[in-house]
Amino acid sequence: MRKFFCLLLVMSACVSTEQEKTILFPILNIVEDEWATYEGRWLTKGGTIHFELSLKTGPLGMDSYYVLRESFRSDSLSHGTTSHGRYSTFYGSNNKEVGICLRDLGRYEYSVALRYQKSQDMPEEMFFLTRGESELLPSDDSFKPLTTDRRYTLHKRSKQFTVEGYLTLENDSVSFFERNTRERWRVTDLGEYDQLRELYNRLAREKYEGIYLKGLAYSVSDTIPGEQALVIKRLAAVGNDPD
């Protein structure tokens, strides 16, 4: 399978300039010196691994770089590591999907989730496949997706920001009213979504009651095309409204 990706990469270099304009990789087509950051999580038997992957596309003929932060968390402990180095891209059969290979990952003795190694004396690698313009699917070393469940894929995110307002659970959806900006957000099922629902069910005294929340957040592309949804990454305060 990897030979297949490499062959397609070589063939794509032979097309005309006009054809090349149609072979785009939107999520990596960013201005020089800008990093695109993706976040996601992966469940293991012992806990949850959180991934924060930043990618920087180099100019034509130059190297592209990544920074990967992995943090493991369970009920009893937490730890993490940071890797940085070069990554390679490989076009898929329809020129819409692109494979990404992170090379020379730093050693991480606690977990090898999503990591692949050709031999014991070779550095570990990690593989992803694009889906759309803002999502990376964790893949095996042949670029076969390990999951298509968006709760466990990596999503391109905005810069992080602080939110303060009121969380409301309505049937199966969660919404958030930001009291400083007066914006209403749909909260997507990423980040601390499960914990938010649990806290809401415990604290709400009546149906559709707004529960105070302050935390660190970012936005991602919503399942509704053209819209953004809110991800609560870290909770600072819940329930006790200072006002």
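Residues numbered from 1 in each chain as written. Predicted model: local features only at pLDDT ≥ 70, side-chain atom pairs only at ≥ 80, totals over all residues. Heavy atoms only, no water.

Considerations on the overall build of the chain
Here is the rule we go by: For the purposes of this entry, the term helix denotes a DSSP run of H or I that reaches at least four residues, the term strand denotes a run of E that reaches at least two, and both are numbered from the N terminus. The rule is simple: take the accessible area with a 1.4 Å probe, protein chains only, and divide by the maximum for that residue type; under 20% is buried, over 50% is exposed, in between is partly exposed. We call two residues in contact when some of their heavy atoms are within 4.5 Å. Using a 1.4 Å probe, the Shrake-Rupley method yields the accessible areas, and only the shown protein chains count as cover for residues.
Broken down by element type, the chain carries three helices and 13 strands. Out of the 243 residues in the chain, the part that is buried amounts to 44%. For the chain, contacts bridging at least 24 residues in sequence account for 49% of all contacts bridging at least 6. Total accessible area on the chain is roughly 14,000 Å²; 48% of this is exposed by carbon and sulfur atoms.

A short note on unusual backbone geometry
Despite not being glycine, Leu114 shows a phi value in the positive range, around 70°. Note on placement: Leu114 falls in the loop between strand 5 (98–105) and strand 6 (124–130).

Let's talk about the confidence of the model for the chain
Rules: Each residue carries a pLDDT score, the predictor's confidence in it, ranging from 0 to 100.
Mean pLDDT over the chain: 84, with 82% of residues reaching 70 or higher. Long-range and interchain partners of residues 1–32, a stretch whose pLDDT sits below 50, account for 54 contacts in this model, where long-range means more than four residues apart.

Some remarks on the pattern of salt bridges
When their charged atoms lie close together, side chains carrying opposite charge are able to pair. For clarity, the threshold we go by: By definition here, a salt bridge exists when the distance from a side-chain nitrogen of Lys or Arg to a carboxyl oxygen of Asp or Glu is within 4 Å.
Applying the stated rule across the entire model yields 17 salt bridges. One salt bridge connects Glu52 with Arg69, and the closest N-O pair in it is separated by 3.5 Å. In this pair, Glu52 sits in strand 2 (residues 48–56) while Arg69 sits in strand 3 (residues 65–73), placing the two residues 17 residues apart along the sequence. For Arg69, a relative accessible area of 40% puts it in the partly exposed group. Note that Arg205 is salt-bridged to Glu209, the shortest N-O span being 3.2 Å. Classification of Arg205 as exposed rests on a relative accessible area of 75%. Sharing partners across several salt bridges, the network here consists of Glu39, Glu52, Arg69, Arg157 and Lys233.

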